Amino acid sequence: MSSTSNGGTDPIRVFGRQALRTLLVPEWFHALALGAGDIIADLGCGGGYVALRAAERVGESGTVYAYDHDPEAVDLLRHTAALHQVHHLHAVVAEIESVTSLPAPVDAAVLSMVLHHARDPVTTLRHIRGLLPDDARLLVAEFAPDGPGTVGPSLATRLGPAHLNEYATNAGFDMDLVERQTSEHWFCVLTPR
């Protein structure tokens, strides 16, 4: 992985890796019943590929709030959104756990290929639960621990549905849907209790 001057990862390479999952994203949005006018938060947006696709999906009557801890990734997303005149996407530099509230109640949130990085997944999910309205949905997409391991993190660091269900239950969520998308990828939809 290439490094930037601040010691982080290259946001353009991250965006490129995100774009490789382009066929997965429509199924995520369908599972969230995401449509025109909806408000969505992309938590851990990286270079912003999913946030930009979400902005297309919700249209100008909707809103996307995108958060990432990497200032260069957020700058890339802001630049790309401005270049394409996507004015309903708002990118913010922030660790997920430091976000104390969202600017507006969201209909849905996405946590895509992020949770396996968390030091304490239950604490992260519990924090996200506190940010979401009771009727919001959270999509968690992850790499499959029984996958071939040709892309993504090592098999040892991946989260499977059983572990995530345990974490989600302890954080105040119910797991409503689990889908395997490829040999390497799966997602689930969580709803607050």
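The structure this text deals with has already been given above.
Okay, so let's go over this structure. (Residues numbered from 1 in each chain as written. Predicted model: local features only at pLDDT ≥ 70, side-chain atom pairs only at ≥ 80, totals over all residues. Heavy atoms only, no water.)

### Topic: the pattern of salt bridges
Put simply, the rule reads: Salt bridges are defined by distance alone: a side-chain nitrogen of Lys or Arg within 4 Å of a carboxyl oxygen of Asp or Glu. The buried label applies to any residue whose accessible area, calculated with a 1.4 Å probe on protein chains only, is under 20% of its type's maximum; exposed applies above 50%, and partly exposed to all values in between.
Throughout the structure, instances matching the rule amount to 6 salt bridges. Measuring nitrogen to oxygen at the nearest pair gives 2.7 Å for the salt bridge that ties Arg129 to Asp134. Arg129 sits in the buried class, given a relative accessible area of 15%. Taking relative accessible area as the criterion, Asp134 reaches 59% and is therefore assigned exposed.

### Observations concerning the sheet that holds strand β5 (residues 137-143)
The line we're drawing: Pairing between strands is defined by DSSP: at least two bridges between them are needed. Helix and strand definitions here come from DSSP, where helices need a minimum of 4 consecutive H or I residues and strands a minimum of 2 consecutive E residues; each element is numbered from the N-terminal end. All axes are obtained by fitting lines to C-alpha atoms, using only the stretch in contact for helices, and the reported angles, taken between N-to-C directions, cover 0 to 180 degrees. Contact between two residues is taken to exist if any of their heavy atoms lie within 4.5 Å; hydrogens are not considered.
Spatially, β3-β2-β1-β4-β5-β7-β6 is the arrangement adopted by the 7 strands of the open sheet, whose pairing is mixed. Two strands in the sheet have a free side with no partner beyond their single neighbour: β3 (89-93) and β6 (173-180). Neighbouring strand axes in the sheet, compared pairwise and without regard to direction, differ in orientation by 20° on average. Judged from the 5 bridges that link them, strand β2 (residues 63-68) and β3 form a sheet pairing that is parallel. Residue pairing in the sheet places Tyr67 in a bridge with Val92 of β3. Strands in contact with helix α3 (residues 49-58) are β1 (39-43), β2, β3 and β4 (108-112); relative to β2, the strand with the most contacts, it is inclined by about 170°. This element, helix α4 (residues 71-83), spans β2 and β3 of the sheet and lies at about 165° to β3.

### Remarks on the state of the cysteines
As a reminder, the rule being used: Throughout, a disulfide means two cysteine sulfur atoms within 2.5 Å of one another.
Under the defined criterion, the tally for this structure stands at 0 disulfides. With no disulfide of its own, Cys45 lies 20 Å from the sulfur of Cys188, the closest cysteine sulfur. When its relative accessible area of 0% is taken as the criterion, Cys188 is described as buried.

### Remarks on helix α5 (residues 121-131)
Turning to α5, its buried residues are Pro121, Val122, Thr124, Leu125, Ile128, Arg129 and Leu131. Looking at the buried positions of α5, the neighbouring elements they touch are β1, β4, β5, α6 (161-171), β6 and β7 (185-192).

### Structural notes on the pairing of β2
Where we set the bar: Here a crossover is taken to be right-handed if, once the strands point away from the viewer, the path from the first strand over the helix to the second is traced clockwise.
Summarising burial for β2: 6 of the 6 residues are buried, a large majority. Burial along β2 is two-sided: the residues Thr63, Tyr65 and Tyr67 and Val64, Ala66 and Asp68 are all buried. Alignment of β1 against β2, held across 5 bridges, turns out to be parallel. What sits directly across from Ile39, in β2, is Thr63. Regarding the hand of the β-α-β motif, the stretch spanning β1, α3 and β2 is right-handed. Running through α4, the crossover from β2 to the neighbouring parallel element β3 is right-handed.

### With respect to α6
Rules: To obtain the arc, one takes the directions from the helix axis to the C-beta atoms.
Turning to α6, its buried residues number three or more, namely Leu164, Tyr167, Ala168 and Ala171. Across the axial projection of α6, the buried residues extend over an arc of 100°, all falling on one side. Close packing links the buried residues of α6 with α5, β5, β6 and β7. One or two residues past the end of α6 sits Gly172, with phi positive at roughly 95°.

### Quick notes on the environment of Val74
Take Val74: it is sitting in helix α4. Along the chain, Val74 and Ala94 lie 20 residues apart, while their C-alpha atoms are 9.4 Å from each other.

### Quick word on the packing of aromatic side chains
We count it as follows: Note on ring pairs: Phe, Tyr and Trp rings are taken, using the six-membered ring of Trp, and paired if centres are within 6.5 Å. Classes follow the plane angle, with under 30 degrees stacked, over 60 edge-to-face and the rest tilted. Think of it as a cone above the ring: NZ of Lys or CZ of Arg counts as a charge over the ring if it is within 6 Å of the ring centre and within 35 degrees of the ring normal.
Scanning the model with the defined rule gives 0 aromatic pairs in all. Above the face of the Tyr49 ring, Arg53 is positioned so that its terminal group lies 4.9 Å from the ring centre.

All we've got here are geometric facts, nothing functional implied.
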